[in-house]
Structure formats: C-alpha cells, structure tokens
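# Report on the structure
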Amino acid sequence: MRALRSPQRGSTTSPAFRVPRRAAIAITACALLATAACSSSGTGSSAAGTPLPSQASTAAAGSSPSSNAASPAVSSAAASAAPKVEVISAGKLSVAVQSDQFPFDFIQNGKEVGFSIDLMNEIAKRLELTPSYTTVSLDALLAGVPAKQYDIGAVGLSIKPDRQKVMAFSEPYYYGYYGIIAKKSAGITADSDFAGKTIALVSGSAQDTYAQQHYPKAKIKRFDSQPPAIVALEGGQVDAFFVGGPDTIKYLQQYSDLTLVSSIQTSTPNGFPMSLDAPGLVSAVNSALEAMYADGTYTTIYKKWFTEPLPPTLVKEHPVLANGAS
Amino acid sequence: MPTGLHNFFHTFFDLHQIANVMPDLLRDGLLNTLMISAAAIICGTTIGIVLATLLVSRRWYLRAPARVYVDIFRGLPIIVTVMMVGLGLPIAGLHFFGRNSYPYAVFALALVSGAYMSEIFRSGIQSVDRGQMEAARSLGLSYLGAMRLVIVPQGVRRVLPALTNQFVAMVKDSSLVYLLGLLASQRELFSIAKDTTFETGNLSALTAAGLVYLAITIPLTHAVNALDRRMREGGAVRLATTAGAPLQLLGAQEGR
C-alpha cells in the first residue's frame, strides 16, 4: 500500500484506471416456454384396474377388516367387483417420488429405487397400469398430489390429521422407528431428556413432531435435509441427530465416531398420498396392498430393504402377515 | 371456476392458511430476515468497495487476487458457498462464530454479495471522468485519498440503482440460512413458511411469506431510489432566500 503513495504516481499521465469500452452489446435471448396445460379433469378413467382373478380371491381369503377410517370403505368384495380406477392418463400411473428418502425412495445409478418404489411397482402391476415416476420435492408432492398432478406419491409420508384434510392416504403400509445418533465422545445416554442439548432434525419430519412432544427441554435445530444435519453433528454444531431408524444404519456405517443413543418404536403410520377426488384409486391401492400382505409379496419386498422384523403395529392390523412369516 | 384454477387458488391463496401463518411471520420471521439481510448488506457493501478499489488498481498483484475472488464467489452457486462456510468451517474445527447459524450465513452471503457489488462499484468508479483523478492528484491528494474523497463518492452515487438490485437479492437470499439449521426462535420468513407447508400440505404459507418479502423489498427499492434522487439533486446545493429569512439549505428542509 505504501508503494501507492510514491510521489511519481502524481506525475503520471497514464490513466489511473481503464475507461470501459463504449460498445456494449446486449444480447437478449428470449425463450418462450410453451407450458403444456395440465389436465386435471380426472376423467381419464381407465378400463384397466381389474385385479387378476387369482389375486382377488387371495385378497378375499386373507381379508382383514380395514381399520383405516380415513379411506372409503374397502372390502375384498369391492376388489373383485373391479373398482373403476381413475388415473390422470389412461393406462399410466403417475407417481411422485423423492430422491433422498433412504430406504423408501432414492436414486441409485440414475434410477428410482427403494422400498416404496418396489411396493408401487407391484401395486401398478396389480392395477394393470404402467408406473411413471417423477422426482419432486416434498413441497411439490404435497401440492401436486391433491391437485391431481400426480396420481399418487410413493413416499414414506406420515399420515397426519392436517394432511388428511387435503389429501387421501392409502392404508398404512409401514410403521417406522426413530433413532438418535450422537458422537461417542458426547456422553449422551439413552434415557437422557436432552435438557439444554441441541438436537438436529429434519424440518417437518416425523421426528420433528415427536421431539416437540417428548423433549421439551431440548433445543431443536431444524435442517432442510439430512446431509447438512449430519455434517453439523460432525462439526460439533449440534449434540445429536434425530432421524428415521433406517437412516441411522447408513450414518453409523459412514461415520465411525457416531453411536446410536436411542431407538424409538413409533406408531406413526406411513401411507401413500392420493387425491381426495380419487376414491376409486384409493380403494384399488388398498386392495392391492391387502393382496400383497396375503400372498407374501409385501414381506419379500420388506426384507429386501429392512433387516429388522416387520413393524409390530402393521402385523397386528394385518394378522395375515404373521401367518405368512411363520 | 374451472377445476384447475380452483386448485391453484386453493393451493397458493387459501386465505385461512395465510391468516394463520401471518402472525408467526410478522412476529419472528420479519425481524430475523431483516437482521440477516441488513448485516449481510453492510458487510457485503464493505467487501465490495474494498474489492472494487483493488480491481481498478494498476498493480497486477493487487488486481489479480481481487479478480480471482470475484470470479470464484460470483460463479459459485450461492448454496454451495453457504454450505461450505456454514458447515465447512465448523467441521474444519474453526468455530469462529460458535454454534449460531446466523453469523456463518451472514459471512457467506457477504462474501458472495461483496463479489457482485465490487463489479457494480468498479463500473461506477470507472465511469468517473479521468480528469477528476488527475485534478485531485494535482491538488496534492494521494492516490488513496483521491479515491476515498473524490472518485468513490461520485462512483457510488452513479450505481445506486444497480446496488438496489443487489440489496433486494440479499433480502431474498437471506432465506438460505435455513440450510445451516435453525432453532425455532431463529426461523426467518422462508423457513417458517416452509415448515408450515410441511404441516398443512398447502403452499399458501409460501404466498404469505412472499407478501412479507414484498413488504420489505418494495419500500427498500423506493427508499434507495429516493436517496438516488436526493443525491442527484443535492449534488448542487441550492440556496434560497425567502423574504426576511436567512439563507437556508433547501435540501435539508426537503428531507423526507
């Protein structure tokens, strides 16, 4: 900086700075995007949707009364009576998925995979529809499914009363468990009430609701997604990370300095979201799920993604699952 | 109403939902957003002015680092910078700002906006006639003194409208702090709205947040424009004598 004050600077005649060129060419590229009008009439009813006779009979044999008050009356008889499945475009099941919900739905080698995806593929097969997946954010899913932009969401979405006001859910197909992970060096114990501790969690997740009810003394730090939260835990910005049980397995493998502090069985049901205007689809999906419980398809898919036994609450609701396992 | 239009209005303009979230937005969100954006604007402007004087330097070893800085921070997606600063510094063991997400976010936003603003200031400084520098130097001012007292004040005045864009962008980008994790009391407009959409499955809360953002950005724009006008008119101080009254500065009287 001292050099700048040197006296000879004052006598110089060269410009102290460059004068910008006058010639400024502004190139404006106007891209006209023709947005395709979204048909949301919902009249594209499909002739498909008749369950195969064998499946219908299996469903009838292994039927258990539907316990989900939110869904229209589902009976095995309805399944065999060929419910009229209304989908947005004939023959196609338009499915909204997320890309970061291990193990429910995530992207592997550029393809949508996961527990929910496998179930959805099977459901679509049984409804004689071709699934077509679109990866969306949770916001887009929550708005797009009720508006019939998508027929259904293949996500591990908690069934919440507020959500049920705007969208229909299939019967619960999964009951999760939660895990709390922390650094081994943090010395947090399983029966801790986390008083004064900072717990990271993903905003709007099932753990968010749970933590508000059960850990009122903890400081809850909400993150938009899991990766920043796990990095914040590693960086010492938070004391613990409260996340879905299956996710903890992944993180404990990735970070050896972390430990599972607590594992919590929950009764929060997960269902497939659909539009309130598609009762036919809701009952068809429920029938397909029932059939999959009965013939063991569900158990096979479950075991592909989870190491722990079937969710106890689900088995209680569908005793046929216990029969299949034995 | 056609179904599609009805769905659109129900999803984004549910008045009930907007009314529900508005108190939260105004009580916590507004203040937090203003706090982050004001801090980021002040720090960013400072960085921008310093960088701009380096960018117009004739010495390559002053120009080059500033140029590299601007290229990097203007070119990187802002989300990457926020993550690298806010999550990267702590994980590297550098807990400059403790556990609070705000200072990290402000720092990251200031780094980015400083890069943008430096180019705005540079264009302003370079638009000042060369004769101004020559005249200032011939009066005995040092280069830095001439910059500080003569060139920069004139240059800044000329680029105020362009700076407004940057200020507005800062207000909106302040929402990126949500990436770093927020305590309930720390949530700014966008994260409150986002959390609400997760609860309700309806996007009207985002519309509500959008309205509050507009309530910040539109007055901000007009305030800077008014300042711009005053600076132009105030450039030549007008003296007026009214009957019986002493000399008054009109500019001071018209201050509004």
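Residues numbered from 1 in each chain as written. Chains lettered and ligands numbered in written order. Predicted model: local features only at pLDDT ≥ 70, side-chain atom pairs only at ≥ 80, totals over all residues.

## Remarks on the nonpolar core
With 140 residues, the main nonpolar core has Ile152, Ile199, Ala200, Ala240 and Phe241 of chain A together with Ala105 and Ala209 of chain B as its most contacted residues. When residues of this core are assigned to their parent elements, the largest contribution, 15 residues, is made by helix H5 (residues 101-127) of chain B. If we skip the residues at most four places from it in the chain, Ile152 of chain A touches Leu93, Val95, Val145, Phe272, Pro273, Met274, Leu281 and Val285 of chain A. (Core = buried A, V, L, I, M, F, W, Y, C linked by C-beta atoms within 7 Å. Buried ≥ 20, exposed ≤ 12 C-beta atoms within 10 Å, placed from the backbone. Helix = DSSP H or I, 4+ residues; strand = E, 2+ residues; numbered from the N terminus. Contact = placed C-beta atoms within 7 Å.)

## Thoughts on the sheet that holds strand S4 (residues 111-113) of chain A
Residue and element names in this part refer to chain A. Here three strands make up an open sheet; going across it, the order is S2-S3-S4 and the pairing antiparallel. Single-partner strands in this sheet number two, and they are strand S2 (100-101) and S4. Of the pairings in the sheet, the one linking S2 to strand S3 (residues 105-108) comprises two bridges and is antiparallel in character. Residue pairing across strands places Gln101 opposite Asp105, the latter belonging to S3. (Pairing = 2+ DSSP bridges.)

## Points about the environment of Ala140 of chain A
Residues and elements named next belong to chain A. Within the secondary structure, Ala140 sits in helix H5 (residues 138-144). Using a count of 16 C-beta atoms within 10 Å as the deciding quantity, one classes Ala140 as partly exposed. Residues Ala140 and Gln98 lie 42 residues apart in sequence; the distance between their C-alpha atoms is 9.9 Å.

## A look at the pairing of strand S10 (residues 198-202) of chain A
Burial of S10 of chain A is extensive: four of the five residues sit out of reach of the surface. Following the chain from S10 of chain A across helix H7 (residues 206-214) of chain A to the adjacent parallel strand S11 (residues 219-223) of chain A, one finds a crossover that is right-handed. (Right-handed = clockwise from strand over helix to strand, strands pointing away.)

These results come straight from atomic positions and should not be treated as a statement about function.
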